[in-house]
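Here are the chains, one letter per residue:
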Amino acid sequence: MFKNTAKTWGGAARALHWILAVLIIGMIGYGWWMNHIPQRPDRYFYRSIHADIGYVVLLLLILRLAWRLINPTPALPVGTPFWERWMARMLQGSLYLVTFVVAMLGWAHSGATARPYASWFGLFNIPQFTSTDKAAAHAYEDNHILGAYILLALIVLHLLAALYRHFYRRDRVLHRMLTGESV
Ligand code: HEM
Ligand code: HEM
């Protein structure tokens, strides 16, 4: 089953969720690593790879949101308290929003630096929507990094919520994101 139903996620939504989960967690880990390895001349190379994958994250995120708009969203199991529904909605909405903002700040930083991260794996150039400005580049960079760690905190909360449902509530919400089985 490719499309969502009122009771579960279809293959496309599940694939997009897990591919993005791996990419985003990987981007945070890799971003930290590339910035904390000792200063060396090939730093630009590592940052370019990070930026190239970042553009892919942004594209997949937009595809995912578009797919979400034209599909039903599976409801949480009957009997889920109002506050849990509300928390889930707020947290998931924040994950979409903060991921988008972090990626856009990375892109803005790229265009504002003296040497933009425009070339996509050396194949073609991605247009930059900001122009060279040292002070702005620093501000975008600081906020990009701050946003990435806010995103990490939200992901930890999201993971805890999934484990809470699975082990405490013992419902099939984690299961349906993994297998697509209806709940
Ligand atoms: C959701 C996607 C992204 C995530 C989660 C992410 C995460 C991060 C993290 C965690 C760092 C390093 C933080 C630290 O120093 O501790 C970083 C740095 C960086 N990111 Fe991203 N990033 C994303 C997308 C992008 C995009 C789209 C671009 C550019 C087009 C980009 C460009 C950069 C650059 C150039 C740096 C190094 C900044 C510096 O000079 O210190 N990132 N990112
Ligand atoms: C760390 C491992 C992760 C687990 C165990 C997990 C688990 C889940 C589960 C079970 C759902 C389905 C909730 C439902 O059926 O109502 C879900 C939805 C969602 N997850 Fe994750 N997730 C993980 C990582 C991530 C990451 C890294 C992100 C993005 C930053 C993310 C973003 C989302 C969003 C936005 C939704 C809502 C889907 C929608 O309503 O469109 N997840 N996740």
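Scroll up for the structure.
Per chain, residue numbering runs from 1 following the sequence as it is written. Think of it this way: whatever chain is written first is A, whatever ligand is written first is 1, and the rest follow in order. The predicted nature of this model means local features are confined to residues of pLDDT at least 70 and side-chain atom pairs, given and counted, to a pLDDT of 80 or more, with totals for whole chains, interfaces and linings taken over all residues. Side-chain numbers come from the whole structure's heavy atoms, not from hydrogens or water.

A. Representation of the nonpolar core. In this structure, Leu20, Ile24, Leu151 and Ile155 are the most contacted members of the largest nonpolar core, which totals 17 residues. Any two residues having at least one pair of non-hydrogen atoms within 4.5 Å are treated as being in contact. Dropping the residues within four chain positions of it, Ile24 is found in contact with Val57, Thr99, Leu151 and Ile155. In this text, buried Ala, Val, Leu, Ile, Met, Phe, Trp, Tyr and Cys residues form a nonpolar core when linked through side-chain atoms within 4.5 Å. The classification of residues rests on relative accessible area computed with a 1.4 Å probe and restricted to protein chains. Under 20% of the type maximum is buried, over 50% is exposed, and intermediate values are partly exposed.

B. Examining the coordination of the iron atom of ligand 2 more closely. Keep in mind that water is not among the atoms, so a site may look incomplete; donors are the N, O and S atoms within 2.8 Å of the metal, or 3.2 Å for Na, K and Ca. In the first shell of the iron atom of ligand 2, the protein supplies His17 (NE2) and His158 (NE2), at 2.0 Å from the metal. Here the metal geometry follows the donor angles, with tetrahedral for four donors whose angles all fall between 85 and 135 degrees, square planar for four and octahedral for six when opposite donors are more than 155 degrees apart and every other angle is between 65 and 115, and irregular for all the rest. Bound by six donor atoms, the iron atom of ligand 2 shows angles of 87 to 179 degrees at the metal and therefore octahedral coordination geometry. Of this pair, His17 sits in helix 1 (residues 11-36) while His158 sits in helix 4 (residues 134-169), and the two are 141 residues apart along the sequence. By relative accessible area, His17 is classed as buried at 12%. A run of DSSP states H or I qualifies as a helix once it reaches four residues; a run of E qualifies as a strand once it reaches two. Both are numbered from the N-terminal end.

C. Structural view of the packing of aromatic side chains. Side-chain rings of Phe, Tyr and Trp, where Trp is taken by its six-membered ring, are said to pair if the distance between their centres is within 6.5 Å; with planes under 30 degrees apart they count as stacked, over 60 as edge-to-face, and otherwise as tilted. Summed over all chains, the structure comprises ten aromatic pairs. Seen from their ring centres, Phe2 and Trp67 are 5.6 Å apart, and the 65 degrees between their planes marks the pair as edge-to-face. Highlighted residues: Phe2 in the segment before helix 1 and Trp67 in helix 2 (residues 43-69), separated in sequence by 65 residues. Overall, Phe2 belongs to the exposed group, its relative accessible area being 56%. Here Trp67 falls in the buried class, since its relative accessible area comes to 19%. Among the aromatic side chains, those forming a connected cluster through ring pairs are Tyr30, Trp33, Phe45 and Tyr46. Look at NZ for Lys and CZ for Arg. If either is within 6 Å of the ring centre and within 35 degrees of the ring normal, a charge sits over the ring. Here the basic side chain of Arg115 rests over the ring of Tyr44, its NZ or CZ set 3.6 Å away from the ring centre.

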